[in-house]
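Fold and contact review
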Amino acid sequence: MTHPRHTTVGIIGGGPAGLLLARLLHRSGIDCVVLESRDRAYVERRQRAGILEQGTVEVLRACGAGERMDREGLVHDGIELRWNRRAHRLDLPALTGGRRVMVYAQTEVVKDLIALQLADGAPLLFGAQALAVTGADTGRPGIRYRHRGREQTLTCDYVVGCDGFHGVARQALPESARRTYTRSYPYSWLGVLAEVPPSHDELVYAHSARGFALFSMRTPTVSRLYLQVPNGTDPADWPDDRIWDELEARGAVDTPWKPARGRLTAKAVLPMRSSVTEPMRYGRVLLAGDAAHIVPPTGAKGLNLAVADVTVLARALDQLHRTGSTELLDAYSDTCLRRVWRAEHFSYFMTTALHTAPDQSPFDTRLQLAQLDRIAGSPHAAAELAENYAGLPLP
């Protein structure tokens, strides 16, 4: 196999951020190379997010990656909040001027983008482990990586890190030039996949004294379900019947309702944390997606923020390619961070309003219930939640 020695944009990470950026650059005539440390099978089965904002859906359609999504994805016009055995539906289009969301798993987005990339896109190397980024503050940074047992160096005009919080791209920003803001939450999620139709036709976010529960889905026949659990929980301590009993108790309302039960095919515990690294650019190294920021999954923002990042970045690189102007590229970090902090705040709000902290007082619980009551009774409060959930327009 011939390894490329130089490219305009070197992309570290073959998740949705890296793959979408490569697709957008390819359509603008900008050459790039994607280096992904894992093999294709692993990348295509990673379980992650499943809610796509309207802006994300539009970007995928525009770059030619929307055909299967539009055929198999589930358009949702609302979500349901539950607390104190009552339920309240938020009508997203009515509250946002027509915006809605799509249920389509990140694994499927990745499969679609990989297929496009391998068919007619730029080079995509699986099993290519990035070891270091060099020369970030020079005119020709490099990515040192190992592929098939051999060390290689790819020189680039720009390096984009889509390789997560622990990736080498983030470490290429000197400690003196970056600052990371973090918050850890005192609980986790136990996430399960169930071979059973969803218990509700839209997502249900349930607050209860027993803890939070989320009723979601992947397809019309596969449910994705979550329970708030203590940090350090072992999934083996949660047999199937216990999970179903707890879901039923936490989602209970004063109408006949029970979750449909079925075989659980996967269980995993997900930690809850927030993180933002500033700036998202140093020299010719740029960060996108989880390399720059992490949000708790309650607000369904992680994948959508990554899409927003690379959409902004692709436009900036297209402007540079067409006109030689670095105006949009120079503004990249500030442009993205405004959206990132808005999404961080929304995710924090959803998390703290719906979860029960281990040391929570009765006063804290009453504040949560008052907030949920306000969302149900105030069109302004409902609209603010809906607008953030369906996704702010891309800049």
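Residues numbered from 1 in each chain as written. Predicted model: local features only at pLDDT ≥ 70, side-chain atom pairs only at ≥ 80, totals over all residues. Heavy atoms only, no water.

As annotated in an unreviewed UniProt entry, the chain is 4-hydroxybenzoate 3-monooxygenase from Streptomyces nigrescens.

All right, on to the sheet that holds strand 3 (residues 51–52) then. Spatial strand order, 3-7-4: three strands in an open sheet with antiparallel pairing. On the outer flanks of this sheet lie strand 3 and strand 4 (74–76), each paired with one strand and no other. Two strands pair when backbone bridges link them, and strand 4 and strand 7 (residues 101–103) are joined in this way by three bridges, in the antiparallel orientation. Within strand 7, the residue paired with Val75 across the bridge is Met102. (Pairing = 2+ DSSP bridges. Helix = DSSP H or I, 4+ residues; strand = E, 2+ residues; numbered from the N terminus.)

It is worth spelling out the sheet that holds strand 12 (residues 179–195) at this point. Read from one edge to the other, the open sheet built from eight strands follows the order 6-5-13-14-15-12-16-19, with strand pairing classed as mixed. Looking at the sheet topology across the chains shown, the edges are occupied by strand 6 (86–91) and strand 19 (293–294).

On to the pattern of salt bridges, then. Summed over the entire model, instances satisfying the criterion amount to 28 salt bridges. The residue Glu80 makes a salt bridge to Arg82 at a minimum N-O spacing of 2.6 Å. For the pair Glu80 and Arg82, one class covers both residues: buried. Ionic pairing is found between Arg250 and Glu246, a salt bridge with its closest N-O pair at 3.0 Å. Placement of the pair is Arg250 and Glu246 together in helix 8 (residues 240–250), with a separation of four residues, close to one helical turn. We note that Arg250, like Glu246, is buried. A network of salt bridges, in which partner residues are shared, links Glu67, Arg68, Arg71, Glu72, Glu108, Lys111 and Asp112. (Salt bridge = Lys/Arg side-chain N within 4 Å of Asp/Glu carboxyl O. Buried < 20%, exposed > 50% of the residue type's maximum accessible area, 1.4 Å probe, protein only.)

Moving on, we get to the packing of aromatic side chains. Tallied over the entire structure, the rule returns seven aromatic pairs. Plain terms: the ring middles of Trp189 and Tyr226 are 4.6 Å apart, the flat faces sit at 40 degrees to each other, and that makes the pair tilted. Of the two residues, Trp189 sits in strand 12 while Tyr226 sits in strand 15 (residues 222–229), which places them 37 residues apart along the sequence. Taken together, the ring pairs in this structure connect Trp189, Tyr205, Phe212, Tyr226 and Tyr389 into an aromatic cluster. One Lys or Arg, Lys301, reaches over the ring of Tyr389 and ends 5.7 Å from the middle of that ring. (Phe/Tyr/Trp six-rings, centres within 6.5 Å; stacked < 30°, edge-to-face > 60°. Lys NZ or Arg CZ within 6 Å of the ring centre and 35° of its normal.)

Moving on to unusual backbone geometry. Following Glu278, the chain continues to Pro279 via a peptide bond in cis, the omega torsion being -10 degrees. Residue placement: Pro279 occurs in the loop between strand 16 (263–278) and strand 17 (281–282). The phi angle at Asn84 is positive, at roughly 50 degrees, despite the residue not being glycine.

With respect to the helices, strands and loops of the structure, Glu80 is situated in strand 5 (residues 78–83). On the basis of relative accessible area, Glu80 is assigned to the buried category, the value being 11%. Of note is the side chain of Glu80, whose polar atom sits 2.6 Å from the side chain of Arg82. Of note is the side chain of Glu80, whose polar atom sits 3.2 Å from the side chain of His200. Among all residues touching Glu80, those that are not within four sequence positions of it are Ala87, His88, Arg89, His200, Leu203, Val204 and Tyr205. (Polar contact = N/O pair within 3.5 Å; in protein donor to acceptor, adjacent residues only side chain to side chain. Contact = heavy atoms within 4.5 Å.)

Our focus in this paragraph is the pairing of strand 13 (residues 203–206). A two-sided burial pattern is seen for strand 13, the buried positions comprising Leu203 and Tyr205 on one face and Val204 and Ala206 on the other. In terms of strand pairing, strand 5 meets strand 13 through four bridges, oriented parallel. Along strand 13, the bridge assignment pairs Glu80 with Val204. Of the pairings in the sheet, the one linking strand 13 to strand 14 (residues 213–219) comprises three bridges and is antiparallel in character. Its bridge partner lying in strand 14, Tyr205 is registered against Leu214. Adjacent in sequence and paired antiparallel, strand 13 and strand 14 are bridged by six residues, among which Gly211 carries a positive phi angle near 120 degrees.

Segmenting the chain into domains produces domain 1 (6–75 + 101–182 + 273–350) and domain 2 (185–272 + 363–390). Computed over C-alpha atoms, the centres of domain 1 and domain 2 are 29 Å apart. Every contact between the two is made by 23 residues of domain 1 and, on the other side, 20 residues of domain 2. With both chains or domains summed, domain 1 and domain 2 bury close to 1,800 Å², and 67% of this area falls on carbon and sulfur atoms. Together, Leu74, Arg273 and Thr298 form the three largest contributors to the area buried by domain 1 at its contact with domain 2, with a combined 22%. On inspection of domain 1 and its partner domain 2, the count reaches zero salt bridges. (Domains from an automatic or database assignment. Buried area = accessible area lost by both parts, 1.4 Å probe.)

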